[in-house]
Amino acid sequence: GEKTTVARVVKKEIDIDVSQLEVPEGPEDDDEDDEESEEDDVDDRRARMRKKKLEKMKAEEERKAKLEAEKQKEADEDEDEDEDEDESGSEYSESEEEMPSRPLLRPVFVSKRQRQTIEERKKMEAEEEAYVEEQRLREVERKEEARKLVIKQLKEEEEAKLRAKDDELPDDTDGINEEEERK
């Protein structure tokens, strides 16, 4: 009974239309029109800020409701999987139930086999770091290999150009060694 009325009261507070709110004004002076327009601007700005705040609150509550529904669905699925195992439950005190600022999460039993211990987490982190380091070393090796291949290719091209120049030049060794030329 009390829970539903509290929820209804909170819901009614959120559904208030900001444009219908009246802002009490202080004493006005007819001589100071500039101050009145500035005060009106300030009041309008405050009203817009209140409206934005209420919209944010509504959006946040909707998001929290969706998140809670998803978590409840996941918890129900986890319960179906762990039916044969003992589950531990906890009761919430009334003060915890009355806190609307953040949703309360329901504890979910995780079997011993499925639990992740600190050592396992550290081991997984170390493996991940080793993998990242290995990838970095492979990348360095690939870059070095690529650089060497480019240098090798450039040297081969230079040698090919030099050989092409040598082939194009006429043979000017006539008459130097006549015995070899006769063979």
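Position labels on residues start from 1 in each chain and follow its written sequence. Only residues with pLDDT of 70 or above have their local features reported here, since the model is predicted, and side-chain atom pairs are shown and tallied only from 80 upward, although totals for entire chains, interfaces and linings are computed over all residues. Only hydrogens and water are set aside; all other atoms, that is, all heavy atoms of the structure, feed into the side-chain values.

Student: Whenever I open this one, the overall build of the protein chain confuses me. Can you help?
Tutor: The secondary structure content of the protein chain amounts to five helices and zero strands. By the criteria applied, helices consist of DSSP H or I runs no shorter than four residues and strands consist of E runs no shorter than two, each listed in order from the N terminus. Listing every helix and strand of the protein chain by position from the N terminus yields α-α-α-α-α. For the protein chain, the proportion of its 183 residues judged to be buried stands at 5%. For the protein chain, the proportion of contacts with a sequence separation of at least 24, taken over those separated by at least 6, is 58%. Counting every atom, the protein chain has about 17600 Å² of accessible surface; 49% of that belongs to carbon and sulfur. The cut-offs for exposure are 20% and 50% of the maximum accessible area for each residue type, with area from a 1.4 Å probe on protein chains only; residues under the lower value are buried, those over the upper are exposed, and the others partly exposed. We call two residues in contact when some of their heavy atoms are within 4.5 Å. Exposure was quantified through the Shrake-Rupley algorithm and a 1.4 Å probe, taking into account, for residues, occlusion by the shown protein chains and nothing else.

Student: Please clarify how the pattern of salt bridges should be interpreted in this entry.
Tutor: Pairing of side chains with opposite charge becomes possible as their charged atoms draw close. One speaks of a salt bridge when a side-chain nitrogen belonging to Lys or Arg is within 4 Å of a carboxyl oxygen belonging to Asp or Glu. Following the criterion strictly, the structure yields six salt bridges and no others. Glu-60 is the salt-bridge partner of Arg-63, the closest N and O atoms lying 2.4 Å from each other. Note that Arg-63 and Glu-60 are positioned in helix 2 (residues 33-81) at a spacing of three residues, about one turn of the helix. Residue classification places Arg-63 among the partly exposed residues on the basis of a relative accessible area of 45%. With relative accessibility at 31%, the residue Glu-60 sits in the partly exposed group. A salt bridge links Arg-138 to Glu-134, with the shortest nitrogen-to-oxygen separation between them at 2.5 Å. Of this pair, Arg-138 and Glu-134 both sit in helix 4 (residues 118-168), four residues apart, which is roughly one turn of that helix. A relative accessible area of 35% places Glu-134 in the partly exposed class.

Student: Help me understand a negative patch on the surface in this model?
Tutor: The patches reported here contain residues having more than 30% relative accessible area and no salt bridge. Joining distances are 9 Å for like charges and 5 Å for nonpolar side chains (Val, Leu, Ile, Met, Phe, Trp, Tyr). Think of it this way: Lys and Arg go in the positive column, Asp and Glu in the negative one, and His and the chain ends go nowhere. By convention, the charge on Lys lies at NZ, on Arg at CZ, on Asp at CG and on Glu at CD. Among the surface-exposed residues, Glu-35, Glu-38, Glu-39, Asp-40, Asp-41 and Asp-44 lie close enough to one another that they form a single negatively charged patch. Tracing the sequence through the fold places Asp-41 in helix 2.

Student: Can you walk me through the environment of Lys-64 in this structure?
Tutor: For Lys-64, the location among the structural elements is in helix 2. What makes Lys-64 buried here is its relative accessible area of 18%. Each C-alpha atom, one on Lys-64 and one on Pro-103, is 6.8 Å from the other, the two residues being 39 residues apart in sequence.

Student: Even after reading the chapter, I still don't get the environment of Arg-106, so can you show me in this structure?
Tutor: With respect to the element layout, Arg-106 can be found in the loop between helix 3 (94-97) and helix 4. Overall, the relative accessible area of 38% leaves Arg-106 in the partly exposed class. C-alpha separation for the pair Arg-106 and Gln-72, spaced 34 residues apart in sequence, amounts to 8.0 Å.

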